[in-house]
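# Chains, contacts and geometry: an overview
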There are 2 protein chains.
Amino acid sequence: MNAVLDFIHANRDRFLDELKQFLAIPSISALPAHQEDVKRCADWAAAEMTRIGLQNVTLFPTPGHPVIYGDWLHAAGAPTILFYGHYDVQPVDPLELWESPPFDATIRDGEIYARGAADDKGQVFMHFKALEAHLSQNGKLPVNMKIILEGEEEVGSANLDDFVRAHKADLAADVVVISDSTMFDRGVPSMCYGLRGLCYFQIDVKSASTDLHSGMYGGAIANPGQVLAQMLSQIKDKSSRIKVPGFYDDVQPLTDEERAEFAKLPFNEKKYRKDLGVAKLFGEPGYSTLERVWARPTFEVNGLLSGFTGEGAKTVLPAQAMAKVSMRLVPNQDPVKISDLFDAYVKRIAPKTVDVTVTRMQGGKPWMCDPHNDFVQAAARAIEQGFGRRPVLVREGGSIPVVSTFQEELGLPSVLFGVGLPDENAHAPNEKLDLGNLHNGIIASALLYEEIGALAGGSTA
Amino acid sequence: MNAVLDFIHANRDRFLDELKQFLAIPSISALPAHQEDVKRCADWAAAEMTRIGLQNVTLFPTPGHPVIYGDWLHAAGAPTILFYGHYDVQPVDPLELWESPPFDATIRDGEIYARGAADDKGQVFMHFKALEAHLSQNGKLPVNMKIILEGEEEVGSANLDDFVRAHKADLAADVVVISDSTMFDRGVPSMCYGLRGLCYFQIDVKSASTDLHSGMYGGAIANPGQVLAQMLSQIKDKSSRIKVPGFYDDVQPLTDEERAEFAKLPFNEKKYRKDLGVAKLFGEPGYSTLERVWARPTFEVNGLLSGFTGEGAKTVLPAQAMAKVSMRLVPNQDPVKISDLFDAYVKRIAPKTVDVTVTRMQGGKPWMCDPHNDFVQAAARAIEQGFGRRPVLVREGGSIPVVSTFQEELGLPSVLFGVGLPDENAHAPNEKLDLGNLHNGIIASALLYEEIGALAGGSTA
């Protein structure tokens, strides 16, 4: 193992150069204009997987962007890890807020800045380098490994479930490993045992067939912007409670043990507020901030558009208004059931004076596992060695819908080992990744393969 | 007078060619990128005024776009008309909804389509041609004439009041004539005796210093889009009643006579709905549609913008949200007082979890005159001759703030004689002007100068 770790230390600079290449490809899955870039990024990742010694590297076409598969299956008798990551990234707007170009990775103060640095290219790359270290120094891995990387995580993984169902036998494993989440805080490595789910919608409100002069017609017909505002104000009340009937029915309450554990975490509200730039926090009464973002469902407005939004004033009565909205779900809320409830509620509160359409855009189930299982404990030992500190157990507010898919379709538990930091601007301008955490994460990943390799298993290899 | 009318008939085609030149200049006052175009348009109009025989044609610079002045003051003993119009136009977005380019005037089915065709270049041009007819055929006008054209009507006429105050003596006259309004309906010429006023604002709601991942932070801080929606829903209630305290205090109620006159007008609700493309009308309970748009104040959302508005889904918690909103005012509401009330109310309902700023963008007083005064009656006779039908008396929902300025600063009554039609898409894509109404309007304008010229007056010439 020393040779593996020495290799990781000795190649830090080269690793960074390679990561910059990965980050330079604008694989924005949400924007059709970047379709070729997404494909180019898949090609880059596949070539890198082959170069480091993975086998059977294949691009599987989907109706959207390809899924990349690769494996190394020569650790007879050892368990098999199914590693999942994604090579697509979020859009970069508003571009003017980036301090350096989002696809020209720039290092400042020990952080690498680029779209995808933390979410998720940097963390996928971390495993590439851990695998390279083992394969180049030992000619083998201590565990069997199957890797799938998708190109549609940022747009809802619409085609991944079908891919997993179509390749159940090929993907058989003992445990899933995913690195697409964050540590609790700088210097506080963590293991995540719960994720929120997601329902994402677009609401379109239309009235007249064309924009009108607000003087000539103002007062005579419904204003779509006003109607949209009134509808949104009826979805969540002022105290942050979601008013969709039945919305909370299946919410699994936090246990007393969880609340006690969360309360022990080194959460600094003042720093949290300062990092976000807000004077006051705000959320559901009766819950702490960590409880609100990890274990309580929410409704958020993700986007609004209506009428004239340029410089100056235009006295227009808009013909339409649009909102992008989403709900984060917690165990045991079901996104299909919640979508049905939401759809019915929005249609019920829609006035008859306008046309309202609700388009379902993304959905993903919430997920939770027993944090005391063998794989989580093995990962905890690896992280403790890599970062010099035993990881804390946390939940996360984000969604990785495939974790539920792996549980349901393949019957596999997941280990969520993320090295991002909460202030690294995933989904926002100036996304970045701490280079120290990247380095420690490569070491921890290399150790993780050993720890899992040493567990009983091997049913599938 | 026959020679004047013959000239107008004989030159119809040439007039159209000239109007197309005027309409070809994209004088969009709201957009800084078009600043040079606005100036070019002022130059075009000034040259045309000189060409038809007006004198002392001058461009007066302002902090914004220039005011054009020209006169003809040789009708000794006759009254003086101060004609007001504007040469700037509204923005054209959404451009993709135009069936022909907005600045390449196109004639289809007896209508000329272009931005500014109705509002207000076409109607200014109508007077140019009436003046040209008199001056070319008689070498004189039957009345004294002063003309001012501004380039900032569509952005709130910010510099016109100062111009009028600075040139009070030069602008002395007996009556103001403005053609920047619509007829009641096709074949129903009208005189307008009342206008609504305007207060226009931008509301900005800000929370975090950057857009955030809606999964990681959703539930912990206020969402500016949601807050904005909740605030807008508190400004106007679901029955369309404005909730700003004191808002209705100074509203002059409709008289029984006005309500009876409005009720007699040939208003076809079914056609109105069909023209607008709405299934249902909607407005303040207890008032007819005409009463709602002519004589009742309203609050409208003119624009909304927050977060991600592109194609697809982005799970962003926006850092800010913006609304452009405006109120139409009726006599005797004062825009400054209403702005103060609005500002205070918005700040009162703004939650402490966000920063809310209210920017005042435009304001204009409502206006009303006695429709039985001599000038209105003179105009009624001219319109009856030009259009073959006695005009009905109407109010308008739009705002022409300068009408109040002329009343207050110069002590002048105004005659509002418009030849636009309600469905001509002022401020919307596919703006147009009916060519028959333009032709009849040129005749009526030429007759109007005669009618007013025959009245007692001449105090200022």
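Residues numbered from 1 in each chain as written. Chains lettered and ligands numbered in written order. Predicted model: local features only at pLDDT ≥ 70, side-chain atom pairs only at ≥ 80, totals over all residues.

### Overview of the overall build of chain A
The helix and strand tally for chain A stands at 14 helices and 18 strands. Against the globule reference of 23 Å for 461 residues, chain A gives a C-alpha radius of gyration of 23 Å, in line with a compact fold. Overall size of chain A, expressed as C-alpha extent along the three principal axes, is 80 × 50 × 45 Å. Residue burial in chain A is summarised as follows: out of 461 residues, 58% are buried. Across chain A, the fraction of contacts at a sequence separation of at least 24, relative to all contacts at a separation of at least 6, is 80%. (Helix = DSSP H or I, 4+ residues; strand = E, 2+ residues; numbered from the N terminus. Rg over C-alpha atoms; globule rule 2.2 N^0.38 Å. Buried ≥ 20, exposed ≤ 12 C-beta atoms within 10 Å, placed from the backbone. Contact = placed C-beta atoms within 7 Å.)

### Details of unusual backbone geometry
Residues and elements named next belong to chain A. Each neighbour pair has its own omega, and for D93 with P94 the value is 0 degrees, a cis peptide bond. The topology assignment puts P94 in the loop between β3 (80-86) and β4 (106-108). A positive phi angle, near 70 degrees, is found at H427, a position not held by glycine. In this structure, H427 sits in the loop between β17 (414-416) and β18 (432-434). In this structure H427 comes out as buried when scored by C-beta crowding, with 25 C-beta atoms within 10 Å.

### With respect to the packing of helix α1 (residues 2-10) of chain A against helix α14 (residues 435-453) of chain A
All names here are of chain A. The geometry of α1 relative to α14 is characterised by a closest axis approach of 10 Å and an angle of 160 degrees between their N-to-C directions. Classified by the angle their axes make, α1 and α14 are roughly antiparallel. The crossing of α1 and α14 is right-handed. Residue-level contacts link V4, L5 and I8 of α1 to I442, I443 and A446 of α14. (Axes fitted to C-alpha atoms, helices over the stretch in contact; angles between N-to-C directions. Parallel < 35°, antiparallel > 145°, perpendicular 65-115°, else oblique. Left-handed = near helix turned anticlockwise from the far one by under 90°.)

### Looking at the interface of chain A and chain B
Tallying the contact residues gives 80 residues for chain A and 80 residues for chain B. Among the elements of the structure, β10 (212-213), α6 (214-217), α7 (224-235), α10 (289-295), β11 (298-307), β12 (316-317), β13 (320-329) and β14 (355-364) of chain A are those that each provide at least two residues to the side of chain A that touches chain B. Looking at the side of chain A that touches chain B, the element that brings in the most residues is β11(A), giving 9 residues. Grouping the amino acids of the side of chain A that touches chain B by side-chain chemistry returns 32 nonpolar, 35 polar and 13 charged. (Nonpolar A, V, L, I, M, F, W, Y, C, P; charged D, E, K, R; others polar.)

### Overview of the domain arrangement of chain A
By a widely used convention, the size of an interface equals the accessible area lost when the partners come together. Residues and elements named next belong to chain A. Along its sequence, chain A is organised into domain 1 (2-195 + 366-453) and domain 2 (197-251 + 297-364). The C-alpha centroid of domain 2 is placed 35 Å from the C-alpha centroid of domain 1. Contacts between the two partners involve 7 residues from domain 1 and, on the opposite side, 10 residues from domain 2. (Domains from an automatic or database assignment.)

### Some points on helix α11 (residues 335-349) of chain B
Residue and element names in this part refer to chain B. For α11, spanning 15 residues, the distance from its first C-alpha to its last is 21 Å, which sits close to the expected 21 Å at 1.5 Å a residue. All of the buried residues along α11 are P335, I338, L341, F342, Y345 and V346. Along the axis of α11, the buried positions cluster into a sector of 130 degrees, meaning they face one direction only. Exposed positions of α11 whose direction lies more than 90 degrees from the buried face are V336, K347 and R348. (Expected span 1.5 Å × (residues − 1). Arc of directions from axis to C-beta.)

### Details of the pairing of strand β9 (residues 197-206) of chain A
Residues and elements named next belong to chain A. Counting buried residues in β9 gives 7 out of 10 residues, a clear majority hidden from the surface. As defined by bridge partners, β9 adjoins β13 across 10 bridges and the pair is classed as antiparallel. Each residue of the ladder has a partner; that of V205, found in β13, is A321. Sheet analysis places β9 next to β14, joined by 9 bridges and oriented antiparallel. Its bridge partner being in β14, L198 is matched across the sheet by G364. (Pairing = 2+ DSSP bridges.)

### A look at the sheet that holds strand β5 (residues 111-113) of chain A
Residues and elements named next belong to chain A. Across the sheet, 3 strands lie side by side as β4-β5-β18; this open sheet has antiparallel pairing. One side of each edge strand has no neighbouring strand; the edge strands of this open sheet are β4 and β18. Neighbour-to-neighbour, the strand axes of the sheet open up by a mean angle of 25 degrees, direction not taken into account. Note that β4 and β5 share 3 bridges and pair antiparallel. When the bridges of β5 are listed, I107 appears paired with I112. Against the sheet, α14 engages β5 and β18, with an angle of about 60 degrees to β18.

### Side note on the relation of the copies chain A and chain B
Note: a rotation about an axis with an accompanying shift along it relates these two copies of the chain. Laying chain A over chain B is done by rotating through 180 degrees and shifting 0.0 Å along the axis; what remains is an RMSD of 0.1 Å. What the superposition gives is, in effect, a two-fold axis relating one chain to the other. A symmetric contact is evident, with 100% of the interface residues of chain A recurring at the interface of chain B. (Least-squares fit on C-alpha atoms with pLDDT ≥ 70 in both.)

### Topic: helix α2 (residues 12-23) of chain A
Residues and elements named next belong to chain A. Here α2 contains 12 residues, and its C-alpha end-to-end distance of 16 Å stays within 8% of the 16 Å for a straight helix at 1.5 Å per residue. Among all positions of α2, only F15, L19, F22 and L23 are buried. The buried residues of α2 all sit within an arc of 90 degrees when viewed along its axis, so they share a single face. α2 presents D13, R14, D17 and Q21 as exposed residues on the side facing more than 90 degrees away from its buried surface. Contacts from the buried residues of α2 go to α3 (35-52), β5 and α4 (121-138).

### A word on the environment of W98(A)
Looking at where W98(A) falls in the secondary structure, it is placed in the loop between β3 and β4. A sequence separation of 15 residues divides W98(A) from Y113(A), and the C-alpha atoms of the two residues are 9.4 Å apart.

### Notes on the environment of M361(B)
Relative to the helices and strands, M361(B) resides in strand β14 (residues 355-364). What makes M361(B) partly exposed here is the crowd of 19 C-beta atoms within 10 Å. Expressed as a C-alpha distance, the spacing of M361(B) and S326(B), which sit 35 residues apart in the sequence, is 9.3 Å. Excluding residues within four positions of it along the chain, M361(B) makes contact with A313(A), G156(B), Y200(B), F201(B) and Q202(B).

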